[in-house]
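Architecture at a glance
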Amino acid sequence: MIGKAYSKTDYLDGLDSLIRRLSTSNPKREELINEYNRIQAGDIGEKVVMDLLVKLQLPYDFFIFHNLSLSLETKVQFDVLLLTPHYILILEVKNIKGSVILRDNPSQLVRTLPNGEVQVFNSPGPQLEEYIYQLKTFLGNKGQNIPVYGAVVFPFTSGLIEQSTNKTTILRKNELKSFIRNIPIRGPFLTGREIEYWKDYFLNNHIEFNPYPLVERYNIQLSEIKNGVLCKKCGHIGMKKFPYYWYCPICHYKSKNAHEHTIMEYFKLINNTMTNPECREFLGIQNPNQSYRLIKKMPLQRVGKNRYAQYMLPKNGDK
């Protein structure tokens, strides 16, 4: 059963917007593109694992969680977590192309691409060990002494996977179901009521990742961000405002509400609050009454009055 369903990382949309609005000569653009590609690859790999686990048949009830973040000894983020009455399984998913070697002392993941390029990353083993320790300690302090296991899953890698020790369990996608079915069954350590309790606890205490605004996260000056309304058809930034629609001078696309996406970009990229003058500047229009009407039609929360008014995204539960 699904405890927390797969969901695409919202961060990707924000990164895409930031990359679009930086000049091609900006020195941070390549870093952002690499970050985007890394997160996108991670999402694809985690979806493959989640799709596989959703179809998994076991002789006991279980819940699957995707991208679960909890505050334990520190904040931890589990790519995939399996909660059962007999054990908990943490899966660290690595969608990495090429041949992979996991080394100890120091812990490294060494990747060799088909073109011969060698890249070195942090090994997932120590992080997985830390996650297992923190979750076991947390549950033990709550009176739940349930076994916690972990494995690193490579859902796509077709090349060599090698490690210097057997300290960390390494699995390919086709090995995952068999590995889970062969986990030693003891207990049960959780009753039906307790497993429901911990499912609800994990969901209620999940911490949503909030990297916004991205200009602060990546230390980018506002002067480096290109203003203007984005054309969703061709990607041009700088649609023109006409009385009843926005017009793209490049592909001639027309849209009545193109400004809505651009205003949402502002909250992700620039600031979590926006004034009327800031809205005009970001949209690339001059008339304050026009920008006010556009803002007013959106489901935004208003704080303050007249020229001191600020607008922000409504909090959960607010209208």
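Here's a quick rundown of the structure. Since we're looking at a predicted model, the values are computed, not measured. (Residues numbered from 1 in each chain as written. Predicted model: local features only at pLDDT ≥ 70, side-chain atom pairs only at ≥ 80, totals over all residues. Heavy atoms only, no water.)

Comments concerning the overall build of the protein chain
- A tally of regular secondary structure across the protein chain gives nine helices and 15 strands.
- The C-alpha extent of the protein chain, read off along each of the three principal axes, is 70 × 50 × 35 Å.
- Expressed as a percentage of the 319 residues in the protein chain, the buried residues total 45%.
- A fraction of 58% describes how many contacts in the protein chain between residues 6 or more apart in sequence connect residues 24 or more apart. (Helix = DSSP H or I, 4+ residues; strand = E, 2+ residues; numbered from the N terminus. Buried < 20%, exposed > 50% of the residue type's maximum accessible area, 1.4 Å probe, protein only. Contact = heavy atoms within 4.5 Å.)

Details of the packing of helix H1 (residues 11-20) against helix H7 (residues 258-269)
- Interaxial distance between H1 and H7 falls to 10 Å at its minimum, and their mutual angle equals 100 degrees. On the basis of the axis angle, H1 is roughly perpendicular to H7. Across the interface between the two elements, Asp13, Gly14, Ser17 and Leu18 of H1 pack against Glu265, Lys268 and Leu269 of H7.
- Residues belonging to the contact of H1 with H7 are distributed by class as follows: two nonpolar, two polar and three charged. (Axes fitted to C-alpha atoms, helices over the stretch in contact; angles between N-to-C directions. Parallel < 35°, antiparallel > 145°, perpendicular 65-115°, else oblique. Nonpolar A, V, L, I, M, F, W, Y, C, P; charged D, E, K, R; others polar.)

Focus: the pattern of salt bridges
- Applying the stated rule across the entire model yields nine salt bridges.
- Lysine 47 is the salt-bridge partner of aspartate 51, the closest N and O atoms lying 2.9 Å from each other. Residue aspartate 51 and its partner lysine 47 are located together in helix H2 (residues 29-54), separated by four residues, close to a single helical turn.
- By relative accessible area, aspartate 51 is classed as partly exposed at 38%.
- Sharing partners across several salt bridges, the network here consists of Glu196, Lys199 and Asp200. (Salt bridge = Lys/Arg side-chain N within 4 Å of Asp/Glu carboxyl O.)

A look at the packing of aromatic side chains
- Counted under the stated rule, the structure contains 16 aromatic pairs.
- Ring geometry for phenylalanine 242 versus tyrosine 245: centroids 5.5 Å apart, planes at 20 degrees, classification stacked.
- Phenylalanine 242 gets classed as partly exposed once you look at its relative accessible area, which sits at 34%.
- The exposure class assigned to tyrosine 245 is partly exposed, which follows from its relative accessible area of 27%.
- Each member of the aromatic cluster is reached from another via a ring pair, and the members are Phe65, Phe138, Tyr197, Trp198, Tyr201 and Phe202.
- Over the ring of tryptophan 246 we find lysine 241, and its NZ or CZ is 5.6 Å from the ring centre. (Phe/Tyr/Trp six-rings, centres within 6.5 Å; stacked < 30°, edge-to-face > 60°. Lys NZ or Arg CZ within 6 Å of the ring centre and 35° of its normal.)

As for the sheet that holds strand E4 (residues 88-93)
- Spatially, the six strands line up as an open sheet ordered E1-E2-E3-E4-E8-E10, and their pairing is mixed. Each edge of the sheet is formed by a strand with only one pairing partner; in this case those strands are strand E1 (2-4) and strand E10 (170-172). For this sheet, the mean angle separating the axes of adjacent strands, direction not counted, is 35 degrees.
- Pairing of E4 with strand E8 (residues 148-154), which is carried by six bridges, proceeds in the parallel orientation. Paired with isoleucine 90 across the two strands is glycine 150, which belongs to E8. (Pairing = 2+ DSSP bridges.)

Concerning the packing of H1 against H2
- Where H1 contacts H2, the two axes come as close as 10 Å, and the packing angle between them is 155 degrees. As summarised for this structure, H1 and H2 are arranged roughly antiparallel, according to the angle between their axes. H2 is crossed by H1, and the crossing has left-handed handedness. Counted together, Tyr11, Leu12, Leu15, Asp16, Leu18 and Ile19 of H1 and Arg29, Leu32, Ile33, Glu35, Tyr36, Ile39, Gln40 and Asp43 of H2 form the full contact between these two elements.
- Taken together, the residues of the contact of H1 with H2 sort by class into nine nonpolar, one polar and four charged. (Left-handed = near helix turned anticlockwise from the far one by under 90°.)

So, the environment of aspartate 10
- Mapped onto the elements, aspartate 10 comes out in the loop between E1 and H1.
- Residue aspartate 10 is classed as partly exposed on the basis of its relative accessible area, which comes to 41%.
- A C-alpha to C-alpha distance of 9.9 Å links aspartate 10 and proline 211, two positions 201 residues apart in sequence.
- Discounting residues that sit within four places of it in the chain, aspartate 10 has contacts with Tyr212 and Lys268.
- Only 2.8 Å separates the side chain of aspartate 10 from the side chain of tyrosine 212, close enough to count as a polar contact.
- At 3.5 Å, the side chain of aspartate 10 forms a polar contact with the side chain of lysine 268. (Polar contact = N/O pair within 3.5 Å; in protein donor to acceptor, adjacent residues only side chain to side chain.)

Focus on the pairing of E8
- In terms of burial, E8 is largely enclosed, as six of its seven residues are buried.
- As paired strands, E8 and E10 are joined by three bridges and run parallel to one another. Looking at E10, one finds that phenylalanine 154 is bridged to arginine 172.

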